[in-house]
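As a plain string of letters, each chain reads:
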Amino acid sequence: PQVQILGLGHLVHAFQGGGFSDQPFGAAIVGYPAVAMQFDLGLSLVLVAFVHDYFYARLVAHLLKAGIRPNITLNHWDLTQAMQDQGGWPNRDTVGHFVDYAAEMFRRLGDRVDLWSTHNEPWCIAGLGYWQGVFAPGLADASQQYQAGHHLLLSHGGAVQAVRQLGWSGQIGLAMNTALHLPA
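Our subject in this report is the structure included herewith. (Residues numbered from 1 in each chain as written. Predicted model: local features only at pLDDT ≥ 70, side-chain atom pairs only at ≥ 80, totals over all residues. Heavy atoms only, no water.)

**Quick look at the pattern of salt bridges**
All told, the structure shown has 4 salt bridges when counted by the stated rule. A salt bridge links Arg-107 to Glu-104; the shortest N-O distance between them is 3.3 Å. With Arg-107 and Glu-104 both in helix H4 (residues 93-109), this residue pair falls 3 residues apart, about one helical turn. Notably, a salt bridge pairs Arg-108 with Glu-104, separated by 2.8 Å at the nearest N-O pair. Of the two residues, Arg-108 and Glu-104 are both situated in helix H4; the distance of 4 residues between them amounts to about one turn of the helix. Linked through salt bridges whose partners overlap, the residues forming this network are Glu-104, Arg-107 and Arg-108. (Salt bridge = Lys/Arg side-chain N within 4 Å of Asp/Glu carboxyl O. Helix = DSSP H or I, 4+ residues; strand = E, 2+ residues; numbered from the N terminus.)

Okay, here's the thing in structure tokens:
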């Protein structure tokens, strides 16, 4: 099959920690030629231990060697338990922590990766995690939904400003979920 852009989302976690074979991305995507590949850094994993930095550096190197353009998502619905214990996304301090994390990841990988997303589907994080309670952290409090959504957007803007101050000139945005609504 011809695939122009391959988005793995959390599938990258399926082969984290595993070795790289002649097929550099493991069995999960063998047979899908791609010119770009989206993957998540795993906020909770990277913040807990930079040992995963080695994994991501190797993954980026393998992608580039294969002629595939990496597309990194910094936050795909995961937050460390310690940050959640301090209030999670409704806590404004999380904005600063995320901006610091984003700047550090750009320092580590930005010289090789020029396509980034700050957050994957921030509506799902805020709405499904803090209002409806069906995603982590499983809360059902509308006021926390609005605070979380506001802080997700602030952290996006802060991360963009931080990486631009580092002199980075690649593309950065949000991975938004959309839906078509038709009148009855």
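After that view of the structure, there is still more to cover.
**As for helix H5 (residues 122-131)**
Most of H5 is tucked away, with 8 of its 10 residues classed as buried. Along H5, the residues that are buried comprise Pro-122, Cys-124, Ile-125, Ala-126, Gly-127, Leu-128, Gly-129 and Tyr-130. Looking at the buried residues of H5, the elements they touch are strand E3 (69-75), helix H3 (81-85), strand E4 (115-120), helix H6 (142-165) and strand E5 (171-175). Of the residues trailing H5, Gly-133 is marked for its positive phi of about 75°. (Buried < 20%, exposed > 50% of the residue type's maximum accessible area, 1.4 Å probe, protein only. Contact = heavy atoms within 4.5 Å.)

**Focus: the pairing of E4**
With 6 of 6 residues buried, E4 is to be regarded as a mostly interior element. Both E3 and E4 contribute to a ladder of 3 bridges, which runs parallel. Paired with Ile-72 across the bridge in E4 is Trp-116. Direction of pairing for E4 relative to E5: parallel, over a ladder of 4 bridges. Bridged to Ser-117 within E5 is Gly-173. (Pairing = 2+ DSSP bridges.)

**Thoughts on the environment of Ile-72**
Within the secondary structure, Ile-72 is located in strand E3. The spacing of Ile-72 and Gly-110 is 38 residues in sequence and 9.9 Å in space, taken between C-alpha atoms.

Honestly, it's all geometry; don't read function into it.
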